[in-house]
Amino acid sequence: QKEVEQDPGPLSVPEGAIVSLNCTYSNSAFQYFMWYRQYSRKGPELLMYTYSSGNKEDGRFTAQVDKSSKYISLFIRDSQPSDSATYLCAMAWRGAQKLVFGQGTRLTINP
Amino acid sequence: DGGITQSPKYLFRKEGQNVTLSCEQNLNHDAMYWYRQDPGQGLRLIYYSQIVNDFQKGDIAEGYSVSREKKESFPLTVTSAQKNPTAFYLCASSIDLQTSYNSPLHFGNGTRLTVT
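Let me begin by describing the structure that accompanies this report. (Residues numbered from 1 in each chain as written. Chains lettered and ligands numbered in written order. Predicted model: local features only at pLDDT ≥ 70, side-chain atom pairs only at ≥ 80, totals over all residues. Heavy atoms only, no water.)

### Notes on the overall build of chain A
Along the backbone of chain A there are zero helices and eleven strands. Counted from the first residue to the last, chain A has its helices and strands arranged as β-β-β-β-β-β-β-β-β-β-β. Taking 111 residues into account, the globule formula puts the C-alpha radius of gyration at 13 Å, and chain A, at 13 Å, falls close to it. Considering only C-alpha atoms, chain A reaches an extent of 40 × 25 × 25 Å along its principal axes. When each of the 111 residues of chain A is scored for burial, the buried share is 44%. (Helix = DSSP H or I, 4+ residues; strand = E, 2+ residues; numbered from the N terminus. Rg over C-alpha atoms; globule rule 2.2 N^0.38 Å. Buried < 20%, exposed > 50% of the residue type's maximum accessible area, 1.4 Å probe, protein only.)

### A few points about the sheet that holds strand β7 (residues 64–66) of chain B
Strands pair in a sheet through their backbones, by hydrogen bonds, and they do so in one of two ways: parallel or antiparallel. Residue and element names in this part refer to chain B. The strand order β1-β3-β8-β7 describes an open sheet built from four strands, whose pairing is antiparallel. Unpaired on one side and paired on the other, β1 (4–7) and β7 mark the two borders of the sheet. Across this sheet, the average inter-strand angle for adjacent strands is 20°, counted without regard to direction. Note that strand β3 (residues 19–25) and strand β8 (residues 76–78) share three bridges and pair antiparallel. In the sheet register, valine 19 faces β8, and the bridge partner there is valine 78. (Pairing = 2+ DSSP bridges. Axes fitted to C-alpha atoms, helices over the stretch in contact; angles between N-to-C directions.)

### Topic: the nonpolar core
Residues and elements named next belong to chain A. Counting 25 residues, the largest nonpolar core has Val4, Trp35, Ile72, Leu74, Tyr87 and Met91 as the members making the most contacts within it. Those elements that provide at least two residues to this core are β3 (19–25), β4 (30–38), β5 (45–51), β7 (61–66), β8 (71–76), β9 (85–93) and β11 (105–110). Other than its neighbours up to four places away in sequence, tyrosine 87 contacts Gln6, Leu21, Trp35, Tyr36, Arg37, Leu47, Leu74, Ile76, Gly104, Thr105 and Leu107. (Core = buried A, V, L, I, M, F, W, Y, C linked by side-chain atoms within 4.5 Å. Contact = heavy atoms within 4.5 Å.)

### Brief notes about the interface of chain A and chain B
Taken together, the contacts link 21 residues of chain A with 24 residues of chain B. Summed over both sides, the interface of chain A with chain B buries roughly 2000 Å², with 53% coming from carbon and sulfur. The interface formed by chain A and chain B includes one salt bridge. Lysine 98 of chain A is the partner of aspartate 59 of chain B in a salt bridge, and the nearest nitrogen-oxygen pair spans 2.6 Å. (Buried area = accessible area lost by both parts, 1.4 Å probe. Salt bridge = Lys/Arg side-chain N within 4 Å of Asp/Glu carboxyl O.)

### Observations concerning the pattern of salt bridges
What the rule picks out here adds up to seven salt bridges over all chains. Note that glutamate 45 of chain A is salt-bridged to arginine 37 of chain A, the shortest N-O span being 3.1 Å. You can call arginine 37 of chain A buried: its relative accessible area is 14%. Where aspartate 38 of chain B meets arginine 36 of chain B, a salt bridge forms, and the shortest distance between an N and an O atom there is 2.7 Å. When salt bridges with common partners are traced through the structure, they connect Arg36, Asp38 and Arg44 of chain B into a single cluster.

### A few points about the environment of serine 26 of chain A
Residue and element names in this part refer to chain A. Structurally, serine 26 can be placed in the loop between β3 and β4. Distance in space between the C-alpha atoms of serine 26 and valine 4 is 6.7 Å, their sequence separation being 22 residues. With near-sequence residues (within four places) excluded, serine 26 lies in contact with Gln1, Lys2, Glu3 and Lys70.

### Describing empty space enclosed by the protein
A water-sized probe rolled over the atoms picks out the places where empty space is left. With the rule as written, the count across this model stands at three cavities of 30 Å³ or more. Arg41 of chain A together with Lys9, Tyr10, Phe88, Asn109, Gly110 and Arg112 of chain B together form the lining of the second largest cavity. A breakdown of the residues in the lining of the second largest cavity according to their chemical character gives two nonpolar, two polar and three charged. (1 Å grid on protein atoms, 1.4 Å probe; cavity = no way out; pocket = protein on both sides within 12 Å on 5 of 7 lines; lining within 4 Å. Points joined across faces, edges and corners; volume = space filled by probe spheres on them. Nonpolar A, V, L, I, M, F, W, Y, C, P; charged D, E, K, R; others polar.)

Written out as structure tokens, the structure is:
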């Protein structure tokens, strides 16, 4: 079993839909949770960063962490074609020297 | 603009040849990393370095080598010993190795290596 599991998709939704992207993990020591967005043929860029449990909102994006269920989510409201990308979850325990990445979910928003 | 530059963007090599991928950063970051990305497998850590002249193996270091002679530079050599070298290679940096809110990873735009 992988330490972090993420459905690779692909996921295709119409413009304006609410998108939910999810990751599950097995290591209860993880405390830092991140979402990276990666456009085609580009490097990933940090989208959201959450410490421990709870929600964090930034514009149309909301990151949610449920440590009791070992489950994190990224919600995208009013999705736009420019949101089409691969979304990677990543996590680490406190003081860790490396991140553990999910497999990435390929998302397409259709106009 | 500060950032990470990886070159070349595309690289083609014959099997049995060593090849070196370049990574330069002007963010004044101490820590640098090399990841490999394959379809459906996310990012896997090859090597990382905290300071000049020091580096550690990641999860898939076999068949790769690195050097860190300058703070700004962290080249990766893919040797002929790497069984499946064709992949997308990403270089990253952070302020330091300790994961924290103030030290997220910054990535370059990658080098796509094809070995035939």
